[in-house]
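# Summary of the model geometry
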Amino acid sequence: MTFFLLLGGIWAQNNRNAKVSGKSAKRGGGAQASDAGHSTPVADSSQGSSRSSGRPADSRQDSAAGTRAAVQQTDEMRLQFLKSAQVTCNDGSAAGFYLKEFRGSRRWLLFLEGGWCCYSKETCDSRYQNTPRLMSSSGWPQTKRGTGLLSSQAEENPHWHNANLVFIPYCSSDVWSGTGPTPTPAPRTRQGKDKVKERNTNATEYSFMGSLIIREVIKDLIPKGIKQAKVLMLAGTSAGATGVLLNIERVASQLEQLGTEAQVRGLVDSGWFLESKQQRSPNCPETVSCTPEDAIKIGLRLWNGVVPDRCRQLYRGEEWQCFFGHRLYSTLTSPIFIVQWLFDEEQLRVENIYMGGQSLSEEQWQYIQNLGLEIKNSLRDVTAVFAASCLSHTVIAKSTWLSFQVKGTSLPRALHCWDRSLEAIRNNRTPAKGCPFHLVDTCQWPQCNPTCPALVDQATQQELTLVQMLVAMGLDPQKLGLDPEGEADSLASMVRNGG
């Protein structure tokens, strides 16, 4: 009798487990179906709890392994292509986005990738040949791990790790301004028996739909809960940062039309460029030697590009000026946080200055110093800013972004202070004191902030100080007014006084 009772109990327990397993399989099957075609590599990187739970050791180990796998899987952003087949990358392949959801969160971070642009058939053909991932989705991986502000790990991203994270790859080559449709190829004229000449050198078969891609991403996120958003931060680096400035008012309007109460904010990293000092090339656009201003002027027509309404009205006929943050910023109504190195490497490359390269003239050194002052002056009326006296380009998507400080405040801390201030204002409260978010270095020369990223010699890949690099590039630091010993004393003083 005892044997039959035990057998019955075992059968009942197995039956219950089978039902639970069946339900789990159905739930798991649904998740797999929705993520069809995606794969996530699992790395054994986190540690299980060391506290005893009263369960057998092998059970605890299985549970810890399962937890590690779950954490690793959720750390990945998964690729999702747009539902709209009409909004595409340059080559007509499907545009899309990477998503890492945080269930229950009403905070959303949408990140626009950077990568300059193309503005003619020649520049677009060259771009497609050299960096096809910036014009086509055909080679995109199925998953992507976020770093810096896109990390879902609290130790790397203390204030935004628990938001819904969206990475939008750049494949439109239009500084996120294009609205299509595909430009019509230029008519051809025959010259002689076999020669064919293009009437319009800008004729191209590519599509330019950057602004439309952002709109469609938000539409596709509606089932994911973006209509319930409390805060949406549109962030970007380089050309993606300029894309934030160009699109933030449209995004705010789109969310308002959806009935959401979300406050839309912008985070602009290394997209605050100044006009070039170079002379206009007489061969532009037949060659790739156009200044950024000329590239934007030509590109706007090719891309059917759009700029914010108030800026367009201000610069009617010269809408290209709206691509420069110092001209566009005052026309925007959404809150914007500017992150800008005072000596941006991409701004220097426009002037054919390459730090760590072969040589540097005294005139180029003078331009570098003046650039820091001009950038600093252009940021004077910006409410929220983090501007360090460093030679670098972009920061928020790098895992090292926690390291940099201005006046003793790190960038994540400054963003958090800005976040708290906006929340206080929204709730009719007085913002807290002692939590700064207008931070601009006061020292005058490049790399004078001791937390700057290291300079690297392009030939040897060795890290150098500014003085060492100037010597390597053929300049006399003392003649330039830089004393190595004085520099060391100044840096030590900065560390003591908070930057």
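What this report covers is the structure whose coordinates are included nearby. (Residues numbered from 1 in each chain as written. Predicted model: local features only at pLDDT ≥ 70, side-chain atom pairs only at ≥ 80, totals over all residues. Heavy atoms only, no water.)

### Topic: the environment of Leu150
Structurally, Leu150 is set in the loop between strand 4 (143–145) and strand 5 (164–168). Once the C-alpha coordinates of Leu150 and His161 are considered, the two residues, eleven residues apart in sequence, prove to be 7.2 Å apart. If we skip the residues at most four places from it in the chain, Leu150 touches Leu109, Phe111, Asn157, Leu165, Val166 and Phe167. (Helix = DSSP H or I, 4+ residues; strand = E, 2+ residues; numbered from the N terminus. Contact = heavy atoms within 4.5 Å.)

### Focus on the pattern of salt bridges
Pairing of side chains with opposite charge becomes possible as their charged atoms draw close. What the rule picks out here adds up to 15 salt bridges. Note that Arg312 and Asp309 form a salt bridge whose closest N and O atoms lie 3.2 Å from each other. Here Asp309 and Arg312 lie together in helix 7 (residues 309–314), a separation of three residues that amounts to about one turn. The exposure class assigned to Asp309 is partly exposed, which follows from its relative accessible area of 47%. A salt bridge links Lys479 to Glu362; the shortest N-O distance between them is 3.4 Å. Residue Lys479 is found in the loop between helix 12 (466–472) and helix 13 (484–497), and its partner Glu362 is found in helix 10 (residues 362–378); the two are separated by 117 residues along the sequence. (Salt bridge = Lys/Arg side-chain N within 4 Å of Asp/Glu carboxyl O. Buried < 20%, exposed > 50% of the residue type's maximum accessible area, 1.4 Å probe, protein only.)

### Looking at the state of the cysteines
Inspection of every chain in the model, using the stated rule, returns six disulfides. Two residues share a disulfide in this structure: Cys118 and Cys124, whose sulfurs sit 2.1 Å from each other. Across the S-S bond linking Cys118 and Cys124, the dihedral sits near 90°, which makes this disulfide right-handed. Here Cys118 and Cys124 have matching classes, each one buried. One disulfide in the model links Cys311 with Cys322; its S-S distance is 2.1 Å. The S-S bond linking Cys311 to Cys322 shows a torsion near -105°; that makes this disulfide left-handed. With a gap of eleven residues between them, Cys311 in helix 7 and Cys322 in the loop between helix 7 and helix 8 (325–328) connect regions that are remote in the sequence. In this structure Cys311 comes out as buried when scored by relative accessible area, which is 0%. No disulfide involves Cys117; its nearest neighbouring cysteine sulfur is the one of Cys118, lying 6.8 Å away. (Disulfide = S-S within 2.5 Å.)

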